[in-house]
Amino acid sequence: MAAAEERKIVLPGDLIAEGEGYEVGVNVYRDDGRIYSYVVGLASIVDGKVSVTALKGVYVPKRGDVVIGVVREVSITRWLVDINSPYQGILPAIDVFGKRFSADKVNLQDYLKVGDAIIARVASFDRTTDAILTIGGKGLGKIGRGRLEYITPTKIPRLIGKRGSMINLLKKESGCNITIGKNGVILIEGPNGESEELVAELIRKVDREAHVPGLTDRVAEILRSAMKRE
Amino acid sequence: MSEIVRRDGRKIDELRPITMKIGILDKADGSAYIEQGNTKVLVAVYGPREVHPRHLGLPETAIVRCRYHMAPFSTRERKSPMPTRREVELSKIIKEALANAIMLNLYPRTTIDIFVEVLQADGGTRCAGITAASLALADAGIPMVDLVTACAVGKWNGKIIVDLTGEEDEECEADMPVALMPNLEKVTLIQLNGRLTSDEFLEAFNLAVKACKLIGELQKATLRNYYEKIKEEVYEQ
């Protein structure tokens, strides 16, 4: 149907495709041969697979995802981490101190305090337990500097862009190092406060205008004029 | 059929003027505001989020909690802010009318909290609440099989009428709120206060379905306009 070709906005219960030969992708359901949307989003049909990219939504942890979280509680054997999700993150002490960790010798506060931000990977999550995190790995661990910015988690693909076009543009033109957490938290480390603020502002722009075509061009224009001014 | 004019000049099958807005509260995950005649209702939706207290969470599905509340200033005489028996009941029926549309199995161990605040009451507050809450849920990005839309019908002076005002509600012989998923044509709420013959019931029900579908179109336009407006603003620059 034409609706999907031009990435039109669809609403819950809207008919997207009808008939055989369509596959059910994300955020859609099939009822009596017809495919409907679950959410407010942009419909697309790629190789017969019908999907809707939601314009809002929460982050549900997935094994292997890199997320950015903020420590919100320290217990004797683990840290509880806010990962911007209905499900909380748990970082076990043995992940940091090894299997021979003993709770009477180490104070977890000395390593990560409440309010500290970390880059972590989801080690496991199966819906019956909270998301178990790990910070063992390249690029993971405690965040020392920079600022955090939040975006609707469903808009992360838009922030990355086709083959990384958007995120590479942001990194290159602003001179900032940008780390994207799949949970919608973004770490910006720049040479100065102004460039970090500029990137944060553009991330908010991506969040707001994700459904309007030509976004990469608009972001590029703002970046270039801002960089020229400096 | 339409020659009988009501106290406010409406035809028997005519809705009051309706305006809807979404995304009006920053702190809430989703929000909506509806004005239906003099009835004004504000809805905030939070979630899916962690359940507190934790023991209320269910291992296989999300839960829905709803609070329907009338502001102390919503009626001519001050209404005590304490939840009344009526408000507790309406909270439950609004929750059930909406929960049927939500894909609760996608977010086990979480809660979706809906706050329906009546700012001004002039009949049809539960229906306006359901209509607005469904918009707020869609605004929050919560997966639903369809929107939910609601409207009351009733029997007043021997005639079946739609969208009763507070005054008509007090005088009427029967009053029947109906909530429905407009695309799927499935009813999620039907209540009846008073008496209708089976013919009258059918007439009233059909009128309610017609009204709900009309309100459903307004809901859809509201959701679309919200994003179209951002588009227009971008293009203007």
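The structure we're discussing is the one just above.
The paragraphs below set out a description of the structure included in this document. Note that the coordinates shown come from a computational prediction; the quantities given were computed from them, not determined experimentally. (Residues numbered from 1 in each chain as written. Chains lettered and ligands numbered in written order. Predicted model: local features only at pLDDT ≥ 70, side-chain atom pairs only at ≥ 80, totals over all residues. Heavy atoms only, no water.)

1. Quick word on the overall build of chain B
Quick reminder of the rule: Only DSSP runs of H or I covering at least 4 residues are called helices, and only runs of E covering at least 2 are called strands; the numbering of each starts at the N terminus. With C-alpha atoms as the basis for the radius of gyration, the globule rule is written as 2.2 Å multiplied by the number of residues raised to the power 0.38. Per-residue accessibility, obtained with a 1.4 Å probe over protein chains only, is compared with the maximum for each type, and a residue is labelled buried under 20%, exposed over 50%, and partly exposed between these values. Contact between two residues is taken to exist if any of their heavy atoms lie within 4.5 Å; hydrogens are not considered. Throughout, the Shrake-Rupley method with a 1.4 Å probe supplies accessible areas, and for residues the shown protein chains are the sole cover considered.
Along its length, chain B carries four helices and ten strands. Element order for chain B, N to C, with α for helix and β for strand: β-β-β-β-α-β-α-β-β-α-β-β-β-α. Computed over C-alpha atoms, the radius of gyration of chain B comes to 18 Å, within 12% of the 18 Å expected from 2.2 N^0.38 for 237 residues, which places it in the range of a compact globule. Once the C-alpha set of chain B is aligned to its principal axes, its extents read approximately 50 × 50 × 40 Å. Taken across its 237 residues, chain B has 54% of its residues classed as buried. For chain B, restricting intrachain contacts to residue pairs at least 6 apart in sequence, the fraction spanning at least 24 positions comes to 66%. Total accessible area on chain B stands at roughly 11100 Å², and carbon and sulfur atoms take up 52% of it.

2. Section: unusual backbone geometry
For residues that are not glycine, phi is negative in most cases, and the peptide bond is trans in most cases. Residues and elements named next belong to chain B. A cis amide bond, omega 0°, links Gly47 with the succeeding residue Pro48. One can find Pro48 in strand E3 (residues 39–50). For the peptide bond that leads from His52 to Pro53, omega is -5°, which places it in the cis range. Its location among the elements puts Pro53 in the loop between E3 and strand E4 (63–70). One non-glycine residue, Asn157, lies in positive phi territory at about 55°. Along the polypeptide, Asn157 turns up in the loop between strand E6 (149–156) and strand E7 (159–162). A positive phi is found at Asp163, a non-glycine position, where the angle reads about 55°.

3. Structural notes on the sheet that holds E4(B)
Residue and element names in this part refer to chain B. Cut-off, in case you're wondering: Strands qualify as paired when DSSP identifies two bridges or more between them. For every element, the axis is a line fit to its C-alpha atoms; helices are fit only across the contacting stretch, and the angle between N-to-C directions ranges from 0 to 180 degrees.
Read from one edge to the other, the open sheet built from five strands follows the order E1-E2-E3-E5-E4, with strand pairing classed as mixed. The two strands at the open ends of the sheet, each matched to only one other strand, are strand E1 (18–22) and E4. Each adjacent strand pair in this sheet contributes to an overall mean axis angle of 15°, direction not counted. Where helix H1 (residues 85–99) meets the sheet, its contacts fall on E4 and strand E5 (110–120), and the angle it forms with E4 comes to roughly 140°. Together, E1, strand E2 (30–36), E3, E4 and E5 form the strand contacts of helix H2 (residues 125–139), whose direction differs from that of E3 by roughly 40°.

4. Digging into the pairing of strand E8 (residues 66–74) of chain A
All names here are of chain A. As judged from the five bridges shared by E8 and strand E11 (residues 117–124), these two strands associate in the antiparallel manner. By the bridge assignment, Gly69 is partnered in E11 with Ile118. Both E8 and strand E9 (residues 78–82) contribute to a ladder of four bridges, which runs antiparallel. Within E9, the position partnered with Glu73 by the bridge is Leu80. Counted between consecutive antiparallel strands, the loop separating E8 from E9 contains three residues.

5. Observations regarding the interface of chain B and chain A
The line we're drawing: Buried area is a sum: the accessible area each of two parts loses on coming together, probed at 1.4 Å, counted once for each and added. Within this document, salt bridges are pairs made up of a side-chain nitrogen of Lys or Arg and a carboxyl oxygen of Asp or Glu, the two lying within 4 Å of each other. Identification of polar contacts relies on pairs of N or O atoms within 3.5 Å, with a donor-acceptor requirement for protein atoms, meaning one able to donate a hydrogen and the other able to accept it, and with residues adjacent in sequence counted only if both atoms are side-chain atoms.
On the side of chain A, 31 residues touch chain B, which itself brings 35 residues to the contact. Carbon and sulfur atoms make up 55% of the surface buried where chain B meets chain A, a total of about 2900 Å² over both sides. At the surface where chain B touches chain A, the tally comes to six salt bridges. For Arg208(A), the salt bridge identified is with Glu233(B), shortest N-O distance 2.5 Å. Applying the counting rule to chain B against chain A returns twelve residue pairs in polar contact (both at pLDDT 80 or more). Within the residue set of the side of chain B that touches chain A, elements represented by two or more residues are E3, H2 and helix H4 (198–236) of chain B. Per-element tally for the side of chain B that touches chain A: the top contributor is H4(B), with ten residues.

6. Focus: the pattern of salt bridges
All names here are of chain B. For the structure on display, the rule yields 33 salt bridges over all chains. Among the salt bridges present, the one from Arg10 reaches Asp163, with a minimum N-O distance of 3.8 Å. Taken as a pair, Arg10 in the segment before E1 and Asp163 in the loop between E7 and helix H3 (166–171) lie far apart in primary sequence, 153 residues in all. Residue Arg10 is classed as buried on the basis of its relative accessible area, which comes to 5%. For Asp163, a relative accessible area of 2% puts it in the buried group.

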